[in-house]
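These are the residues of each chain, in order.
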Amino acid sequence: MEHAGVEHILRVVDAALRATFPDDYDARCMYAAFGVRDLLRAAGQPAEILAGDFLCFSVSHDGRQALMDGFGSPSANPPSHFWVEAAGRRLDLGPSYLPRRSRFHAVPIPPLNWGLSAPLPLYLRYRERQRCHPDVELAPDDPLVERLAGFRSTCARLSASSPSPPWSWLLHGPGAVTRAARSGDRWAQGALHFLKVADRQALPF
């Protein structure tokens, strides 16, 4: 699938999350994963939902505070984060939602559309704990089934539209981060600086 097609899917799912869960759309990664998977499959692209732990570099607007923010706990059950893999790429709206509940005034972070062929940089960390069956669904008696069905209907309805994204670029690989940094993006600049000073051994995973 072309880069533009993947971005369209991320834009649709983001808009559906905001419409369905206006108060806490940023904490609905399971719904986001189902939405992205469904739209990829509707476009003829096999996709899988994964669950596990996630961390992403975050920096404040004044540049004085930074940390690895995200979701992850050795005892998390069910898993703390969900994302999608398709066509050799990892897709996740999660990074773009981290600034909303940050402990400081964090700069925007774009969503993820990153290739799986190379190791992730230190400013992006994913730890897989579960790879779901490609056809995975919630159990019929799961209390979230009805709400998920409503969200999926919204995704399907919005898929024919072109929602405006709240981001200006995607985490599409190291080159995209370098280009964004050269253009003055403060998150990208901070992430590249983090690469120079980060201690891999000090990261949780």
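Preceding block: the structure.
Residues numbered from 1 in each chain as written. Predicted model: local features only at pLDDT ≥ 70, side-chain atom pairs only at ≥ 80, totals over all residues. Heavy atoms only, no water.

A. Here's a closer look at the overall build of the chain. When its secondary structure is counted, the chain shows 6 helices and 6 strands. Counting from the amino terminus, the chain carries its helices and strands in the arrangement α-α-β-β-β-β-α-β-β-α-α-α. For 205 residues, the compact-globule formula gives about 17 Å, and the C-alpha radius of gyration of the chain, at 17 Å, lands near that figure. Residues classed as buried in the chain amount to 49% of the 205 residues present. Within the chain, residue pairs in contact and separated by at least 24 positions form 74% of the contacts whose partners lie at least 6 positions apart. For the chain, the exposed area adds up to about 10300 Å²; of that, 50% sits on carbon and sulfur atoms. Positive and negative side-chain charges in the chain, numbering 23 and 21 respectively, have mean positions lying 6 Å apart. (Helix = DSSP H or I, 4+ residues; strand = E, 2+ residues; numbered from the N terminus. Rg over C-alpha atoms; globule rule 2.2 N^0.38 Å. Buried < 20%, exposed > 50% of the residue type's maximum accessible area, 1.4 Å probe, protein only. Contact = heavy atoms within 4.5 Å. Areas by Shrake-Rupley, 256 points an atom, 1.4 Å probe, with all protein chains shown as cover. Lys, Arg positive; Asp, Glu negative; His and termini not counted. Charge placed at Lys NZ, Arg CZ, Asp CG, Glu CD.)

B. Up close: the environment of Asp92. In this structure, Asp92 sits in strand β4 (residues 89-92). By relative accessible area, which is 5% here, Asp92 ends up buried. Look past the residues within four positions of Asp92 in its chain and what remains in contact with it is Phe54, His81, Phe82, Trp83, Pro111, Leu112 and Tyr126. Among the polar contacts made by the side chain of Asp92, one reaches the side chain of His81 at a distance of 2.8 Å. Within the local environment of Asp92, its side chain forms a polar contact with the backbone nitrogen of Gly94, the two atoms lying 2.8 Å apart. (Polar contact = N/O pair within 3.5 Å; in protein donor to acceptor, adjacent residues only side chain to side chain.)

C. View of the packing of aromatic side chains. What the rule picks out here adds up to 11 aromatic pairs. By the ring-pair criterion, three or more aromatic residues cluster together here, those being Phe54, Phe71, Trp83 and Tyr126. Residue placement shows Arg90 over the ring face of Tyr126; its charged tip is 4.8 Å from the ring centre. (Phe/Tyr/Trp six-rings, centres within 6.5 Å; stacked < 30°, edge-to-face > 60°. Lys NZ or Arg CZ within 6 Å of the ring centre and 35° of its normal.)

D. Quick peek at helix α4 (residues 145-158). Look at α4: 20 Å from first C-alpha to last across 14 residues, which is about the 20 Å you get at 1.5 Å a residue. Regarding α4, the residues found buried are Leu148, Phe151, Thr154, Cys155 and Leu158. Relative to the axis of α4, the buried residues are bounded by an arc of 120° and lie together on one face. Residues of α4 that are exposed and point over 90 degrees away from its buried face: Glu146 and Arg157. Where α4 is buried, its residues contact α1 (3-20) and α2 (29-42). (Expected span 1.5 Å × (residues − 1). Arc of directions from axis to C-beta.)

Such coordinate-based values are descriptive only and should not be taken to indicate function.
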